[in-house]
Amino acid sequence: MHIENSYYYFRLLDHFINQEGFELIYIHTNQSEIWLQRKTRKYNQVVRIAQVGFDWRNQLENDHKRTRMNSEKLARLFLGSTITLYNIYVAEHPPVDTWEYLKQSQKLKHKKFKEIKMFYLDKENREEELIRLTQDLNIKEVSMKQPDDVRELEKHTQQLQAKLISTYNRNQREMKQVFQHAKPLFTYVILVLNVLMFMLLEIKGGSMTTEILIDFGAKYNPAMIDGEWWRIITSMFLHIGLLHLLMNMLALHVVGSLVERIYGNTRFVIIYFLAGIVGGLTSFAFSPQVSAGASGAIFGLFGALLFFGVNHRRIFFQTMGWNVIGVIIFNVIFGLVVPTIDNGAHIGGLAGGFIAAAIVHFPKKKQWLRQAGAFIAFLLICVAILFYGLLNQSVQDEAKQYDFQRQLQQMNELVDQEDYHTMIDTASRALQQKPNDYQAEFLFYRAFAYSHMEQSEKAFDDLKKTIELAPKKIPEAYYNLALIYLERNQLTQAKTTIEKAVELRPEDQSFKKLHDELFEAS
């Protein structure tokens, strides 16, 4: 009877799903073909069960081939690789001609499926085939006892069918709801703020001007060590050049809107800023360069998607999985190859986003203990990165040397402005920090300022120290020192000193002029 066959079909499906842990993946429109998967450490099994019978071997053979082709079309729905495909038929009778050779396992060349096995459960050989199937799948014995009364049989069949359809529809609804927790709002608010800040930088002097970036809050290690930790946040809204802005805003638009749909508006904001904080701290700890940009926070959004993938593996890999992983791998490798890219911020942001997602978790799914553990882990990681950065002397020394270069550039500007008081204050602060390679330059600039403020004794001392530290580096120090000797009427010392200046830079006309005046006068 057809009803007996239908009962057997739905009863077998119910056992696989509710007793053996198979997931319901796909249902054909007429419900005569259903695909399941069970993926564990030991097994990766896909079961295709069809309620159909064949009169002839070639009909069965063609359907078996069609199953292999369909497995490739549906491959994206299944997790993992090296899958064994079980093609199971529930039929009332077998084909009349020879077909048993089709039961032999066949190797597959598809990147996911390694082999296909066929089982034909017709009414006559059902028990024997079912034993073979359960042994091969390594599952419990299936009890297929059915009611004797036809009406009861129909009722149970309908119940099993309704249960199956309900499970499938619920799974489909949950999959859709995952991406409908909120409409993107803060993604576009942050995007607009970034664009506005870029326009402001351009108006004030250019987004690629280091001084402008620092003034507006770029990540700058020496200033952060001095207490300006707010730069971790402000640097997230600054970009260096139009290309940098466009690339980050495109990524924010695509990834941000997706994360905001999954996690909701408030959770999105928390993830974004927590990831940005970790990215900023990691950049501070590992990179001495002045840096800015939203990339650390954006990588945090990728980390949130990875957290989503850990908790919703099937949805993740069916929709975006390998694309997300591919983009992350490409950007990390690209960051390692190109030295100007702040890879520390990227990797730190990625990890920060993953942990931040664990802290806020998903809407309507609270796991307070795990969330509290994630929050503690976040704090510990931030503290560890911060202390590592403060103790990473090579990075901070390199950043400090850059700071000295920056201050020397400012000294040049102060010379043009004739702001000698500020020159002395700036040089004195820098010298207290022991600027190593630049100590001679700071002494020279301070001596220059002292000279113009008629404090020749102080200028004399600084020039002597400049020459002692760097005898061949700054010829102007000899020239200025010769002028002081001349002012003191110490002509011998003045001549010796100006000779050294001319020796170091013979093409300088001012040096030659003073040299000639001194030697002609004698």
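Refer to the structure printed above.
Cut-offs and rules
Residues numbered from 1 in each chain as written. Predicted model: local features only at pLDDT ≥ 70, side-chain atom pairs only at ≥ 80, totals over all residues. Heavy atoms only, no water. Helix = DSSP H or I, 4+ residues; strand = E, 2+ residues; numbered from the N terminus. Contact = heavy atoms within 4.5 Å. Areas by Shrake-Rupley, 256 points an atom, 1.4 Å probe, with all protein chains shown as cover. Lys, Arg positive; Asp, Glu negative; His and termini not counted. Charge placed at Lys NZ, Arg CZ, Asp CG, Glu CD. Pairing = 2+ DSSP bridges. Axes fitted to C-alpha atoms, helices over the stretch in contact; angles between N-to-C directions. Salt bridge = Lys/Arg side-chain N within 4 Å of Asp/Glu carboxyl O. Buried < 20%, exposed > 50% of the residue type's maximum accessible area, 1.4 Å probe, protein only. Parallel < 35°, antiparallel > 145°, perpendicular 65-115°, else oblique. Left-handed = near helix turned anticlockwise from the far one by under 90°. Nonpolar A, V, L, I, M, F, W, Y, C, P; charged D, E, K, R; others polar. Core = buried A, V, L, I, M, F, W, Y, C linked by side-chain atoms within 4.5 Å. Expected span 1.5 Å × (residues − 1). Phe/Tyr/Trp six-rings, centres within 6.5 Å; stacked < 30°, edge-to-face > 60°. Lys NZ or Arg CZ within 6 Å of the ring centre and 35° of its normal.

Participant: Looking at this structure, how should I read the overall build of the chain?
Facilitator: Secondary structure assignment for the chain yields 22 helices and 6 strands. By its C-alpha atoms, the chain is 130 × 45 × 35 Å across when sized along the principal axes. Sequence separation of 24 or more characterises 70% of the internal contacts of the chain that already satisfy a separation of 6 or more. Surface accessibility of the chain: about 27100 Å² in total, with carbon and sulfur atoms responsible for 55%. A gap of 9 Å separates the mean positions of the 58 positive and 56 negative side-chain charges of the chain.

Participant: What is the right way to read the sheet that holds strand E6 (residues 113-121) from this model?
Facilitator: Backbone-to-backbone hydrogen bonds join strands into a sheet, with any given pair of strands oriented parallel or antiparallel. Ordered by their spatial adjacency, 6 strands build an open sheet running E1-E2-E3-E4-E6-E5, and the pairing between neighbours is mixed. With partners counted over all chains shown, the strands left at the sheet margins are strand E1 (23-27) and strand E5 (106-107), one partner each. The sheet contacts of helix H2 (residues 57-73) involve strand E2 (33-39), strand E3 (44-50), strand E4 (83-90), E5 and E6, and relative to E4 the element is tilted by about 140°. Helix H4 (residues 150-178) contacts E1 and E2 of the sheet and is inclined by roughly 90° relative to E1.

Participant: It is not clear to me how the pattern of salt bridges should be interpreted in this structure. Could you clarify?
Facilitator: Under the counting rule described, the total for this entry stands at 19 salt bridges. The closest approach of N and O atoms between Asp14 and Arg11, which form a salt bridge, is 3.8 Å. Linking Asp14 with Arg11, this pair stays in helix H1 (residues 2-18), spanning 3 residues, or about one helical turn. Both residues of the pair, Asp14 and Arg11, count as buried.

Participant: Can you help me understand the packing of helix H16 (residues 393-417) against helix H18 (residues 439-452) in this one?
Facilitator: What describes two packed helices is the angle between their axes and the distance between those same axes. Where H16 meets H18, the closest approach of the two axes is 11 Å, and the angle between their N-to-C directions is 20°. Put simply, H16 runs roughly parallel to H18. Crossing handedness for the pair H16 and H18: left-handed. Together, Phe404, Gln407, Leu408, Met411, Asn412 and Val415 of H16 and Glu441, Phe442, Tyr445 and Phe448 of H18 make up the contact between the two elements. For the contact of H16 with H18, the class distribution of residues is 7 nonpolar, 2 polar and 1 charged.

Participant: Even after reading the chapter, I still don't get the nonpolar core, so can you show me in this structure?
Facilitator: Considering soluble globular proteins, one finds that nonpolar side chains tend to be buried as a cluster. Of all hydrophobic cores here, the largest spans 52 residues; its most connected members are Tyr263, Tyr272 and Phe308. Those elements giving two or more residues to this core turn out to be helix H5 (186-204), helix H9 (242-263), helix H10 (265-286), helix H11 (295-311), helix H12 (313-319), helix H13 (321-337), helix H14 (343-360) and helix H15 (368-391). Top element by residues in this core is H11. It accounts for 9 residues. Listed in part, the 39 residues of the second largest apolar core include Met411, Ala449, Tyr450 and Ala482.

Participant: I'm lost on the environment of Tyr402 in this one. Help?
Facilitator: Summarising the element assignment, Tyr402 is placed in helix H16. Separated by 113 residues in the primary sequence, Tyr402 and Gln289 place their C-alpha atoms 8.1 Å from one another. In this structure, Tyr402 is in contact with Thr210, Tyr220 and Val290, ignoring residues within four places of it in sequence.

Participant: Looking at this structure, how should I read the packing of H1 against H4?
Facilitator: Across the interface, H1 lies against H4 with an axial gap of 9 Å and an inter-helix angle of 40°. By the criterion of interaxial angle, the relationship of H1 to H4 is oblique. Remark: the crossing between H1 and H4 carries left-handed chirality. Contacts from Ile3, Glu4, Ser6, Tyr7, Phe10, Arg11, Leu13, Asp14, Ile17 and Asn18 of H1 reach H4 at Leu153, Glu154, His156, Thr157, Leu160, Gln161, Lys163 and Leu164.

Participant: I'm lost on the side chain of Thr187 in this one. Help?
Facilitator: In this structure, Thr187 sits in helix H5. Ignoring any residue separated from it by four or fewer positions in sequence, one finds Thr187 in contact with Leu252, His253, Gly256, Ser257, Glu260 and Phe268.

Participant: What exactly am I supposed to notice about H2 here?
Facilitator: The α-helix advances 3.6 residues per turn, and as a result positions three or four apart in sequence lie on the same side. Relative to the 24 Å expected for 17 residues at 1.5 Å per residue, H2 spans 25 Å between its end C-alpha atoms, a close match to the ideal helical length. Each element contacted by the buried residues of H2 is listed here: E2, E3, E4, E5 and E6.

Participant: I keep staring at the packing of aromatic side chains and nothing clicks. Help me out?
Facilitator: Each aromatic ring pair is characterised by the separation of its centres together with the angle its planes make. The final tally for this structure, using the stated rule, is 24 aromatic pairs. Relative to Phe273, the ring of Tyr272 has its centre 5.5 Å away and its plane inclined at 75°; by these criteria the two rings are edge-to-face. Put simply, the rings of Phe179, Tyr263, Phe307, Phe308, Phe354 and Phe362 pair up and form one aromatic cluster. Over the ring of Tyr8 we find Arg126; its NZ or CZ atom is 4.2 Å from the centre of that ring. The cationic tip of Arg488 hangs over the ring face of Phe460; the distance from NZ or CZ to the ring centre is 4.2 Å.

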